[in-house]
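What follows is the residue order along each chain.
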Amino acid sequence: FRLPFKDLLMPPPSSRFLKTNLNGFLGLGNNNNNKQEEARLVQEVNLGDPVVMINNVPTVAQGQLSTITLQRYLSSLVSSDESLREMEGLMLSIAMACKTISTLVNRAGINQLTGLETDVMGTRSGSQSGKGKNKAKKNIQGEDQKKLDVLSNGVLKNALKFTGKLGLLASEEEDEALLIESALDSRYVAVFDPLDGSSNIDASICTGTIFGVLEDDTVELKNEYKRNNDDCVRNADAECVSSTEALLQPGSQLAASGYCMYSSSTILVFTLGGSHPVIGFTLDPQLGEFVLTHPNMRVPKRGTYYSVNEGNSWLWDASIRHYIDKIKRGEGETKKRYSSRYVGSMVGDVHRTLLYGGIFGNPGDVKHRNGKLRLVYECSPMSFLVEQAGGGSCTSDGGSVLEVVPESVHQRSTCWLGSIEDVQELKSYLTPEETN
Ligand SMILES: O=P(O)(O)OC[C@H]1O[C@](O)(COP(=O)(O)O)[C@@H](O)[C@@H]1O
């Protein structure tokens, strides 16, 4: 069956999807008891009894995990902690956007959504053909934007705006932070990379969405708005741009962070910080719902994989080259030889590191001192998540990623994260004086 294109940008209609297609998927004929079975399934996955939580970790009988949808998990959390109600709305909107982006990514080749986002240039400047030349659009960091970068950005931006729970947002694909006039009183601000690893998108290699939610100093936002006579500076899309510092908070201040990985499965992994676990939900294509698959993700204390772009090793600091050399020769603390695993999509490499352990890094080098990754919407949200799962993270000078105070929304930062013992071993190379 084919979904008309416009439906791709609409929130995936889980129950309608279920109603129209479950029979087909489950190969059920359409007689009465199948209808009852269908109704029971809808009932159970969406509403069901409150989820039993021990220390905020959903605790269910084996084999029952997948009856817990994201919606059910969040409503159970809110039933025991009303202060999470706004976060529930935000997470459900982020999940809806990720479902939509997952569909866009899966069908990119079918819908001609691969390739670069372009501008038609020079029609008037007397070009012979009279036809303009397509020129790749670039984001503020000078990177070519993929069509799916721009589409995913639109999907997530609108999903967050529509919640009415966010006063400010920043994205890798937006030159400036955007003030949401209709929600200046809201409690939260959000940062995101709508499609991370987009250099892999046209080859259908895993990509992902990274997000972070911070508590907001609303007064600051309102004052800025007031200072502009209840108006604001607007960008080409008439959106309010903001120069407030509400987004420039260290990662340790995050109220929630996570990613959604688009790969052989679509997996949403996040934490609400504090006493909440790092938890993972897999998109069930039959139900169109995220169902619980990873109730309490913990990074193994030690791994046997390193994940870094070794193509740049000749440009690295000697201490980093020394560390990687030692662990791959089996001359590190464990005397085990480490294997290299590198997808080139941070979300994919971090997801594997969260599950299997080891270390992922974007170390920076003599050419790019601060590496390639952005602090506010890549390094901080991912470090917050990995540390919440019992792992570690640091910058290439051995400092804490989560304590770096951003000076600008798009600033880059070096970043290492993974198993706590692996990060500590790396730090012993980066700051020998501190560790000896
Ligand atoms: O090409 P390099 O230097 O290995 O860098 C790869 C890194 O860059 C990224 O692709 C940056 O992501 P974007 O696609 O969001 O710009 C990361 O996903 C990945 O870890």
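Residues numbered from 1 in each chain as written. Predicted model: local features only at pLDDT ≥ 70, side-chain atom pairs only at ≥ 80, totals over all residues. Heavy atoms only, no water.

The chain appears in an unreviewed UniProt entry as fructose-bisphosphatase from Triparma strigata. Recorded in UniProt for the chain, the comment headed Sequence similarities (unreviewed entry) runs: "Belongs to the FBPase class 1 family." Its UniProt record, at the heading Catalytic activity (unreviewed entry), says of the chain: "beta-D-fructose 1,6-bisphosphate + H2O = beta-D-fructose 6-phosphate + phosphate". (UniProt positions renumbered as here; feature names shortened; annotations may be inferred.)

*Asks:* Could you give an account of the pattern of salt bridges, with specific residues and numbers?
*Replies:* This structure, assessed with the given rule, holds 23 salt bridges. The partner of glutamate 82 in a salt bridge is arginine 85, with the nearest N and O atoms 2.6 Å apart. With a closest N to O distance of 3.8 Å, glutamate 143 and arginine 412 form a salt bridge. With glutamate 143 in the loop between strand 4 (133-136) and helix 6 (147-163) and arginine 412 in the loop between strand 17 (392-394) and strand 18 (415-418), this residue pair connects regions lying 269 residues apart in the sequence. Look at glutamate 143 and you get partly exposed, because its relative accessible area is 21%. (Salt bridge = Lys/Arg side-chain N within 4 Å of Asp/Glu carboxyl O. Helix = DSSP H or I, 4+ residues; strand = E, 2+ residues; numbered from the N terminus. Buried < 20%, exposed > 50% of the residue type's maximum accessible area, 1.4 Å probe, protein only.)

*Asks:* Quick one: what's the story with the site of the ligand, residue by residue and with numbers?
*Replies:* Near the ligand, the surroundings consist of 17 residues, among which Asp193, Asp196, Gly197, Tyr342 and Met346 are the closest. Between arginine 374 and the ligand, the recorded distance is 2.9 Å, taken from a side-chain N or O atom to an oxygen atom. The side chain of glutamate 378 places a nitrogen or oxygen atom 3.3 Å from an oxygen atom of the ligand. Considering the ligand on its own, with 480 Å² of exposed area, one finds that the protein chains cover 88% of that surface. Mapped by element, the contributors of at least two residues to the shell around the ligand are strand 7 (188-196) and strand 16 (359-362). Among the elements that make up the shell around the ligand, the one with the highest residue count is strand 7 (three residues). Taken together, the residues of the shell around the ligand break down into five nonpolar, six polar and six charged. (Near = heavy atom within 4 Å. Polar contact = N/O pair within 3.5 Å; in protein donor to acceptor, adjacent residues only side chain to side chain. Areas by Shrake-Rupley, 256 points an atom, 1.4 Å probe, with all protein chains shown as cover. Nonpolar A, V, L, I, M, F, W, Y, C, P; charged D, E, K, R; others polar.)

*Asks:* I'd like a rundown of the environment of serine 340, residues and numbers included.
*Replies:* If you trace the backbone, serine 340 turns up in strand 15 (residues 339-340). Residues serine 340 and valine 150 lie 190 residues apart in sequence; the distance between their C-alpha atoms is 32 Å. Each residue touching serine 340, except ones within four places of it in the same chain, is listed here: Tyr306 and Glu310. (Contact = heavy atoms within 4.5 Å.)

*Asks:* Would you mind going over the nonpolar core in detail, with residue names and values included?
*Replies:* Counting residues in hydrophobic clusters, the biggest one holds 50 residues, and the most contacted among them are Met87, Leu160, Phe270 and Phe290. With ten residues, helix 5 (residues 85-106) is the single largest residue contributor to this core. Those residues in contact with methionine 87 that lie beyond four places of it in its chain are Tyr188, Val213, Ala255, Ala256 and Leu272. Counting 24 residues, the second-largest nonpolar core is a separate cluster that includes Met261, Leu354, Ala389 and Val401. (Core = buried A, V, L, I, M, F, W, Y, C linked by side-chain atoms within 4.5 Å.)

*Asks:* Which residues make up helix 8 (residues 318-328), and what are the values?
*Replies:* Turning to helix 8, its buried residues number three or more, namely Ile320, Tyr323, Ile324 and Ile327. Projected onto a plane normal to the axis of helix 8, the buried residues spread over an arc of 90° and lie on a single side. Of the surrounding secondary structure, the elements contacted by the buried residues of helix 8 are strand 14 (305-307), strand 16, strand 18 and helix 11 (420-430). A positive phi of about 75° marks glycine 330, the residue just after helix 8. (Arc of directions from axis to C-beta.)

*Asks:* Account for the confidence of the model for the chain, with residues named and values stated.
*Replies:* Interpretation of the predicted coordinates at a detailed level should be avoided for regions scoring low in pLDDT. When pLDDT is averaged along the chain, the result is 85, and 79% of the positions lie at 70 or above. When the criterion is pLDDT under 50, residues 1-13 qualifies, and its contacts beyond four places in sequence or with other chains add up to 23 contacts. We note a pTM of 0.87 for the whole complex and an ipTM of 0.98 for its interfaces. (pLDDT = per-residue confidence, 0-100.)

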